[in-house]
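Here is what each chain is made of, one letter per residue.
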Amino acid sequence: MNVGVLGGGRMGAGIAHAFLMTGNDVVVIERDEEMADAAASRIHESVARSLTRSAAPQTAQPQTTQQQAPRRPTAEQLTKKLHVGTDFALFADRDLAIEAVPEDRALKGDALTRVERVLARDAVLASNTSSISIDDLATSLTRPERFLGLHFFNPVPSSTLVEIVTGSATDADVVERARGWIEMLTKAAIIVRDSPGFASSRLGVALALESIRMLETGVASAEDIDRAMELGYRHPMGPLRTTDVVGLDVRLGIAEELHANLGDRFEPPALLRRLVAEGKLGRKSGEGFYRWDNR
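What counts, and where the lines are drawn
Residues numbered from 1 in each chain as written. Predicted model: local features only at pLDDT ≥ 70, side-chain atom pairs only at ≥ 80, totals over all residues. Heavy atoms only, no water. Salt bridge = Lys/Arg side-chain N within 4 Å of Asp/Glu carboxyl O. Buried < 20%, exposed > 50% of the residue type's maximum accessible area, 1.4 Å probe, protein only. Helix = DSSP H or I, 4+ residues; strand = E, 2+ residues; numbered from the N terminus. Polar contact = N/O pair within 3.5 Å; in protein donor to acceptor, adjacent residues only side chain to side chain.

(A) Expanded view of the pattern of salt bridges. Within this structure, the stated rule accounts for 15 salt bridges. Among the ionic pairs, K108 bridges to E103, the shortest N-O distance being 3.7 Å. Using a relative accessible area of 1% as the deciding quantity, one classes K108 as buried. A salt bridge links R291 to E287, with the nearest nitrogen and oxygen atoms 3.3 Å apart. With a relative accessible area of 69%, R291 lands in the exposed category. Overlapping salt bridges bring together R274, E278, K280, E287 and R291 as one network.

(B) Region of the structure containing the environment of T139. Mapped onto the fold, T139 is located in the loop between α5 (134-138) and β6 (147-152). Looking at T139, the relative accessible area reads 66%, which means it is exposed. Along the backbone, T139 and T113 are 26 residues apart, and their C-alpha atoms lie at a distance of 9.8 Å. Of the polar contacts made by the side chain of T139, one reaches the backbone oxygen of D136; its length is 2.7 Å.

Here it is in structure tokens:
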């Protein structure tokens, strides 16, 4: 299938990676040539790393021609289907276009409107928003029935979940097509009705904010708070380390959205606001609740 991704940052590049790895033709649009070149390099490197990590060990036993497994695609073969540019017209032949720009309502609304103008009428348009209402974003669109949320998780290549968020106007056949595409990526889909924070962000942020409050008031260290959830509740990663991976600025943006819609239980702690103001955004900046070696 033909897929378009608007935005080649960490999330957009990860989404492009996922579709490339399953043999799809992918267009990525960025704001300018410099950012397009950076996105292309990011995706090429990510695909190459994935193939290296998943390379099967060589066996010493000879095989007949009939027994030999099919050859794995190379990074060059997969990325031949990647096209990165700045012209929205490249989306004209896409079956699916996914907006993956920063989590800002006005920015996303403008981006979605520009993409919809060039999409074929039967194409599906999706937002990778993690908290903004799908119905709110749909108000600027002429075909809201072809629009839904596809919330991928960071890092996209290794995350198995995609949240399909349905707006009040989303057609049932669009939801089923989206479910099929997620299965094609060998990921699992959950279907969530449009509501503040959907399911995953709402639950994840609730746990993260309480963990930050506990750290702020000296209940326990970041390491011990995380170990409580990892060892006591079998979470693969504690909430504070997860916040570092997601990005403190991203968590803050979602918390502010939920605070506005759901009340004081989602009010961002002062510690979170301070760390974001200081530029301590987690893994991507090298420091958040933990220090990260980004070399």
